[in-house]
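# Examining the three-dimensional arrangement
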Amino acid sequence: MSNPAAPKILEAYPAVASWLNLNDDGVVTVKTGKVEIGQGIWSALARMVATELGTCLSEVKVAPVDTSTSPDEGVTAGSGSIEQSGAALRLAAATLRESLVTIAATKTALPQSTIESRNGALYQLGGTQLFTFGELASCVPEDLEVNTKAILSVSPEGEQQGGRLDLPAKVTGATQYIQDLDFPGMVHGRILRPPHEKANLQDLNDGLALSVPGLIAVIRDGSFVGVVAEREEQTLQALSSLETGAKWEIPRCRAAPGNLYEYLRNLPRESVLVTEVGKPATILTEEKGVINATYLKPYQAHASVAPSCAIALSEDNLLTVWTHSQGIYPLRRELATMLSLDATNVRVVHIEGAGCYGHNGADDVAADAALLAVKLPGQPVRVRWSLEEELRWAPYGSAMITDMKGVVDLEGKVSAWDFRVLTDTHSSRPNGGGGRLLSGRYLETNQPLVWPGPMQGGYRNARTLYQFPHQRIRAEFFDGPYRVSALRTLGAFSNTFANESFMDELAYSAQTDPLFFRLNHLEDSRAIAVLEAAAEAVGWSPHITPSGRGFGIALARYSGDKAYVAQVAEVEVNANSGHIRVVRVVTACDAGRIVDQNGARNQLEGGTLQGISRTLFEQVPFDPAGPPIRSWDDYRVLTFNDLPQLESILIDRPEFSSLGLGEASTTPIAAAVANAIFDATGVRLRELPLTQEHLRLKLITNSKKMLESYEPRS
């Protein structure tokens, strides 16, 4: 296997010891900055190390991610863990293997070419065992640096396969999640939330709260108020008393509740020209038959099943925070900024919690716990959010509006393509600069949440894989009414919904089969391969009008440089009620060299299901007074009764580097489902979620039009 470009992280952490420790018992400890959030990354990284080093998977352990011991790899996000941390670990393991072979050769006077590494030992070619790894561990140079030119494994079998390493403990209940941690002397905290995110606390009568049995402290700093008690239910009782004794100054709403998208169109915007090729504006002005369409996506929540939680302890001039944040080093820097501490006096330790594949409340609850802990030195303070806090106060994924224009020439090819998206930013994660933690805005020092402005995430996947001679892509950014940040795929989910729905619309306008139309605009052989694989798996039948079968196809390569994915969704639609059911999804994926077959399928299937949930159900209602969601009754998600049949086709390409696939299948699924609904009914839905009510109304409208246009024979 040829070496890809060395990951940049090796410039900051060039030592093998920064990544791997070989112990005297032969066990290899992996040190990574990428956290396990349910995606199975630790299993995949362990397999990569075991394969490169030539040891048994059972002899590889992954150390907890901790700012005191782990490399700073930023945030576990962007489907980049295999490409980044995996690449660094693979090279570190290959370097360690070469070092062990060199040591063995020196000790035995054998040529290095006659020594091989397997099963945790060094062997002479032909079978004689020379040394175990453990026997040579003390001989490895402490200053050994990663050789970026190390020869990587060319094993035709690829990585050692098997089940997820973490699942047995999770299934049996042995895993300790952040919510399960219990330290000696641990106390419990909760935060008094304002009635509006921009409200200011004017007065607080805490008399009733102070009389609650078990209450330890009411802590106030500006408009930030927290309570600490011996037991969690006591914090809830104290909070209830404080709510009646708090007087808030609430700002006037800028607008009355109404149509979200009209409201967003009227906001000030900053424009970015992403790309322009040829003269699309001229052609779209001069040509006849220009097709226009607008696609809409609402605000959506992470909706983590378990609310966010953190524990903090301030002791001996060190603040330690246990958290399920996806970025422990950025969080460390942000906490230090908020608390005016040196970052070296803050330690952040990752503990698994409810995953979110984005920026939910994990960082904010860590800040809550830290703010309380520094006021109570020596006592571990746990803060656990309620479901209402998770749904109302964690950042959302931005609402988006996409305006499309296109025209097809007489040969059935797109001659001009125009894409314009209106969106908020798509990341406001902690980064150390301040203004990125919820409670910081309420402190006396007033660290308001800062709008990051235009960012690439807003136009992620605005570029397609198709070849158009004339095209323009624009993004216009607004500072919207709700706090937003990274939600799985960032803007790619909505942008691909628009692009791949519009490709279908153009195909039907040209009286061309949607699959053939896509293939006719592609030059990338890997994109062509996944499209053909998905279509073949469902027995795709060419058609130029809705076939009634309920099949829809879509293609995407997440972020333009991750895994290729084509999906075919099959739906059933009740023509009377408009009820939509996704019954089957076939996903064909090319992620280069597949490290973990089961893990890859898990990721593709999980991403597909989350995408279907966001496609059919999820939306945060618009209200300038604040998000009106407090429970699962207010925020519908996919349930077991909604699950479709899932099939994943992995196109393994061991000759290529591994590509991230954590967000690959979420990206095109909304378009595949929308296209399937059109194929089943002839009705085009352009607003997410694709609800039963929207479809029912469109079906009624279409029926009326058919009746009005009907002329009986004379």
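Strand order across the open sheet formed by three strands is β4-β5-β6, with antiparallel pairing between neighbours. Bordering the open sheet on either side are β4 (115-118) and β6 (129-132), each of which pairs with just one other strand. Taken pair by pair, the neighbouring strands of this sheet meet at an average axis angle of 25 degrees, ignoring direction. The pairing of β4 with strand β5 (residues 121-124) spans four bridges and is antiparallel. Bridging across to β5, Glu-116 finds its partner in Tyr-123. Sheet strands in contact with helix α3 (residues 81-108) are β4, β5 and β6, and its direction is about 135 degrees off that of β4.

Before going further, it helps to spend a moment on the domain arrangement of the protein. What the domain assignment reports for the protein is domain 1 (8-172), domain 2 (187-248 + 304-393) and domain 3 (400-702). Taking only C-alpha atoms into account, the centre of domain 1 sits 38 Å from that of domain 2. At the junction of the two partners, domain 1 supplies 16 residues and domain 2 supplies 16 residues. In total, domain 1 and domain 2 occlude about 1400 Å² of area from one another, counting both sides; carbon and sulfur atoms represent 53% of this. When the buried surface of domain 1 facing domain 2 is broken down by residue, Ile-37, Thr-67 and Asp-72 rank first, second and third, together holding 42% of it. For the pair domain 1 and domain 2, the interface holds three salt bridges. For Arg-333, the salt bridge goes to Asp-72, with nearest N and O atoms at 3.0 Å. At the junction of domain 1 and domain 2, the tally comes to eight residue pairs in polar contact (both at pLDDT 80 or more).

Right, let's talk about helix α7 (residues 232-245) for a bit. Compared with an ideal rise of 1.5 Å per residue, which puts 14 residues at 20 Å, α7 spans 20 Å between its outermost C-alpha atoms and is within 8% of the ideal. Turning to α7, its buried residues are Glu-232, Gln-234, Thr-235, Ala-238, Leu-239, Ser-241, Leu-242 and Gly-245.

Once the charged atoms of two side chains with opposite charge are near each other, the side chains can pair. Counted by the stated rule, this structure contains 37 salt bridges. In this structure, Arg-97 and Glu-52 form a salt bridge, with 3.3 Å as the shortest nitrogen-oxygen distance. Here the residue Arg-97 occupies a position in helix α3, and Glu-52 occupies one in helix α2 (residues 41-53), the gap between them amounting to 45 residues. A relative accessible area of 17% means that Arg-97 is categorised as buried. Classification of Glu-52 as buried rests on a relative accessible area of 1%. The partner of Glu-500 in a salt bridge is Arg-518, with the nearest N and O atoms 2.8 Å apart. Of this pair, Glu-500 sits in helix α13 (residues 492-509) while Arg-518 sits in helix α14 (residues 514-519), placing them 18 residues apart in sequence. Classification of Arg-518 as buried rests on a relative accessible area of 0%. What emerges from the salt-bridge pattern is a single network uniting Arg-190, Arg-193, Glu-232, Asp-368, Arg-382, Arg-384 and Glu-389.

Time to look at the pairing of strand β19 (residues 414-423). Summarising burial for β19: 10 of the 10 residues are buried, a large majority. Summarising the sheet, strand β18 (residues 400-408) and β19 pair through nine bridges and their orientation is antiparallel. Residue Met-400 lies in a different strand from β19, and its bridge partner there is Thr-423. Between β18 and β19, which pair antiparallel in sequence order, lie five residues; one of them, Gly-412, sits at a positive phi of approximately 80 degrees. Where β19 meets strand β20 (residues 471-477), seven bridges bridge the pair, whose relative direction is parallel. Bridging across to β20, Leu-422 finds its partner in Glu-476.

Before going further, it helps to examine the nonpolar core. Counting residues in each nonpolar core, the largest one holds 69 residues, and the members touching the most others are Trp-417, Leu-555, Val-673 and Leu-690. For this core, the leading source of residues is helix α17 (residues 666-681), giving eight residues. For Leu-690, the contacting residues outside a window of four places in its chain are Phe-497, Ile-580, Thr-615, Leu-616, Ala-670, Val-673, Ala-674, Ile-677 and Leu-685. Counting 43 residues, the second largest nonpolar core, distinct from the first, contains Val-16, Met-48, Ala-104 and Leu-136.

Another point: the packing of aromatic side chains. Here a ring pair, both rings aromatic, is described through the centre-centre distance and the interplanar angle of the planes. Under the definition given, this model contains 11 aromatic pairs. Note on Tyr-299 and Tyr-482: the rings are 4.9 Å apart at their centroids and 55 degrees apart in plane angle, and the pair reads as tilted. Here Tyr-299, found in the loop between β13 (291-297) and β14 (309-315), pairs with Tyr-482, found in the loop between β20 and α13; they are 183 residues apart in sequence, far enough to count as distant. Looking at Tyr-299, the relative accessible area reads 0%, which means it is buried. A relative accessible area of 5% places Tyr-482 in the buried class. A ring pair is formed by Trp-417 and Phe-468, whose centres lie 4.6 Å apart and whose planes are at 20 degrees; its orientation type is stacked. In this pair, Trp-417 is assigned in strand β19 and Phe-468 in the loop between β19 and β20, connecting sequence segments 51 residues apart. Grouping residues by exposure puts Trp-417 and Phe-468 together as buried. Taken together, Trp-417, Tyr-466, Phe-468 and Phe-502 form an aromatic cluster joined through their ring pairs. One Lys or Arg, Arg-488, reaches over the ring of Tyr-357 and ends 4.0 Å from the middle of that ring. Directly above the aromatic system of Phe-678 lies the positively charged group of Arg-684, at a separation of 4.5 Å from the ring centroid.

On to the side chain of Asn-675. Mapped onto the elements, Asn-675 comes out in helix α17. Judged by relative accessible area, Asn-675 falls into the buried class, the value being 0%. A polar side-chain atom of Asn-675 sits 2.7 Å from a polar atom in the side chain of Arg-684. The residues touching Asn-675, leaving out its near neighbours within four places in the chain, are Glu-500, Ser-501, Asp-504, Arg-518, Phe-551, Gly-552, Ile-553 and Arg-684.

The contact between α2 and α3 brings their axes to 8 Å, and the two run at 25 degrees. In terms of orientation, α2 lies roughly parallel with respect to α3. Our pair here, α2 against α3, has a crossing hand that is right-handed. Residue-level contacts link Ile-41, Ala-44, Leu-45, Met-48, Val-49, Glu-52 and Leu-53 of α2 to Ser-81, Ile-82, Ser-85, Gly-86, Ala-87, Leu-89, Arg-90, Ala-93, Ala-94, Leu-96, Arg-97 and Leu-100 of α3.

Moving on: the sheet that holds strand β2 (residues 28-30). With mixed pairing, the three strands of this open sheet are ordered in space as β1-β2-β3. In this open sheet, the two edge strands, each paired with only one partner strand, are β1 (20-22) and β3 (60-62). Strand-to-strand twist of the sheet, defined as the mean angle between neighbouring strand axes without regard to direction, takes the value 20 degrees. Of the strand pairs in this sheet, β2 and β3 are connected by three bridges, and their pairing is parallel. By the bridge assignment for β3, Val-30 is matched with Val-62. Along the sheet face, α3 touches β1 and β2 and points at about 30 degrees away from the line of β1.

Cut-offs applied
- Residues numbered from 1 in each chain as written.
- Predicted model: local features only at pLDDT ≥ 70, side-chain atom pairs only at ≥ 80, totals over all residues.
- Heavy atoms only, no water.
- Pairing = 2+ DSSP bridges.
- Helix = DSSP H or I, 4+ residues; strand = E, 2+ residues; numbered from the N terminus.
- Axes fitted to C-alpha atoms, helices over the stretch in contact; angles between N-to-C directions.
- Contact = heavy atoms within 4.5 Å.
- Domains from an automatic or database assignment.
- Buried area = accessible area lost by both parts, 1.4 Å probe.
- Salt bridge = Lys/Arg side-chain N within 4 Å of Asp/Glu carboxyl O.
- Polar contact = N/O pair within 3.5 Å; in protein donor to acceptor, adjacent residues only side chain to side chain.
- Expected span 1.5 Å × (residues − 1).
- Buried < 20%, exposed > 50% of the residue type's maximum accessible area, 1.4 Å probe, protein only.
- Core = buried A, V, L, I, M, F, W, Y, C linked by side-chain atoms within 4.5 Å.
- Phe/Tyr/Trp six-rings, centres within 6.5 Å; stacked < 30°, edge-to-face > 60°.
- Lys NZ or Arg CZ within 6 Å of the ring centre and 35° of its normal.
- Parallel < 35°, antiparallel > 145°, perpendicular 65-115°, else oblique.
- Left-handed = near helix turned anticlockwise from the far one by under 90°.

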